[in-house]
Amino acid sequence: MDFIYHVEGGDFTNAGSTSSEVKRMLKKLGVSPEIVKRTVVALYEAEVNIVAHAYRGDISVNLDSDKIHIVLADEGPGIPNVDWAMQKGNSTASPKVREMGFGAGMGLPNIKNNSDELNIQTEVGKGTTIDFVNYFNK
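Counting of residues starts from 1 at the beginning of each chain's written sequence and follows it residue by residue. Restriction of local features to residues with pLDDT of at least 70 applies here, the model being predicted, together with a cutoff of 80 or more for giving and counting side-chain atom pairs; totals for whole chains, interfaces and linings are based on all residues. Water and hydrogen atoms play no part in the side-chain values, which are based on all heavy atoms of the structure.

1. A few points about the overall build of the chain
Secondary structure is summarised from DSSP: a helix means a run of H or I of at least four residues, a strand means a run of E of at least two, and numbering begins at the N terminus for each. In terms of regular secondary structure, the chain is built from 5 helices and 5 strands. Ordered by position in the sequence, the α and β elements of the chain form the string β-α-α-β-β-α-α-α-β-β. Each radius of gyration is computed over the set of C-alpha atoms, and the globule rule expresses the reference value as 2.2 Å times the number of residues to the power 0.38. In terms of overall size, the chain behaves like a compact globule, its C-alpha atoms giving a radius of gyration of 14 Å where 138 residues would be expected to give roughly 14 Å. Oriented by its inertia axes, the alpha-carbon framework of the chain measures out at about 40 × 30 × 25 Å. When checking whether two residues touch, look at their non-hydrogen atoms; a contact exists if any pair is within 4.5 Å. A separation of at least 24 residues holds for 63% of the contacts in the chain among residues at least 6 apart in sequence.

In structure tokens, the structure reads:
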């Protein structure tokens, strides 16, 4: 099963709606609560990153019998230093985003900690693609 969702940068009102929908879907399919939780945490963090940092993005969700594969591709500023951004507490969020309670610098570390496989492709001035997989029976 494949699903595609569109996310608009700056749309904090709907931030997290894709992760909520995926959570409902995984629960209906009987995926273990542990995998549901890990997947939704990683997806929520990546979804909020699009809202907080990019102009827009698309989320592709592929459900297989043994895994969930999620790709988030955005059009935005890109990540100048992925190694730096992967460290807890490092954030490039604007003061406005921080005032709303986002931008604590835990997004990418939480995505890494809650995915079985993670790949980040980024180009400054173009955007970022986060590609992660969680296996149902690992």
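2. Digging into the side chain of Thr 18
Relative to the elements of secondary structure, Thr 18 occurs in helix α1 (residues 17-28). Once residues within four sequence positions are removed from consideration, Thr 18 is found in contact with Tyr 5, Val 7, Leu 43, Glu 47 and Ile 59.

3. Points about the pattern of salt bridges
Any Lys or Arg side-chain nitrogen located within 4 Å of an Asp or Glu carboxyl oxygen qualifies as a salt bridge. Tallying each qualifying case throughout the model produces 3 salt bridges. Across the salt bridge formed by Arg 38 and Asp 116, the nearest N and O atoms sit 3.1 Å from each other. With Arg 38 in helix α2 (residues 33-53) and Asp 116 in the loop between α5 (107-113) and β4 (117-123), this residue pair connects regions lying 78 residues apart in the sequence. Three labels apply to residues, based on accessible area from a 1.4 Å probe with only protein chains included: buried if under 20% of the type maximum, exposed if over 50%, partly exposed otherwise in between. Classification of Arg 38 as buried rests on a relative accessible area of 15%.

4. Some points on the sheet that holds strand β1 (residues 2-8)
Paired strands, as defined in this entry, are two strands with at least two bridges between them according to DSSP. Strand order in the open sheet formed by 5 strands is β1-β2-β3-β5-β4, with antiparallel pairing between adjacent strands. Lying at the two open borders of the sheet, with one neighbouring strand each, are β1 and β4. Taken pair by pair, the neighbouring strands of this sheet meet at an average axis angle of 10 degrees, ignoring direction. Pairing geometry for β1 and strand β2 (residues 56-63), over 7 bridges, is antiparallel. Bridging from a neighbouring strand, Asp 2 pairs with Asn 62 of β2. Against the sheet, α1 engages β1, β2 and β3 (67-75), with an angle of about 160 degrees to β1. Think of each axis as a best-fit line through the C-alpha atoms, taken over the contacting stretch in the case of a helix, with angles from 0 to 180 degrees between the N-to-C directions.

5. Section: α1
Between the first and last residue of a helix there are one fewer steps than residues, each counted as 1.5 Å, and that sum is the expected span. Taking 1.5 Å of rise per residue, the 12 residues of α1 would be expected to cover 16 Å, and the 17 Å separating its terminal C-alpha atoms lies within 8% of that figure. Within α1 the residues assigned to the buried category are Thr 18, Ser 19, Val 22, Met 25 and Leu 26. Across the axial projection of α1, the buried residues extend over an arc of 120 degrees, all falling on one side. Opposite its buried face, α1 presents the exposed residues Arg 24, Lys 27 and Lys 28, each directed more than 90 degrees away. Lining the buried residues of α1 we find β1, α2, β2 and β3. Relevant arc is that of directions from the helix axis to the C-beta atoms, nothing else.

6. Quick look at the environment of Ile 79
Structurally, Ile 79 can be placed in the loop between β3 and α3 (82-85). A relative accessible area of 17% means that Ile 79 is categorised as buried. Taking C-alpha positions, Ile 79 is 6.0 Å from Val 124, a pair spaced 45 residues apart along the chain. Here Ile 79 is in contact with Ala 85, Leu 108, Ile 120, Thr 122, Val 124 and Thr 128, once residues within four sequence places are set aside.

It is worth stressing that arrangement in space is one thing and function is another; only the former is reported here.
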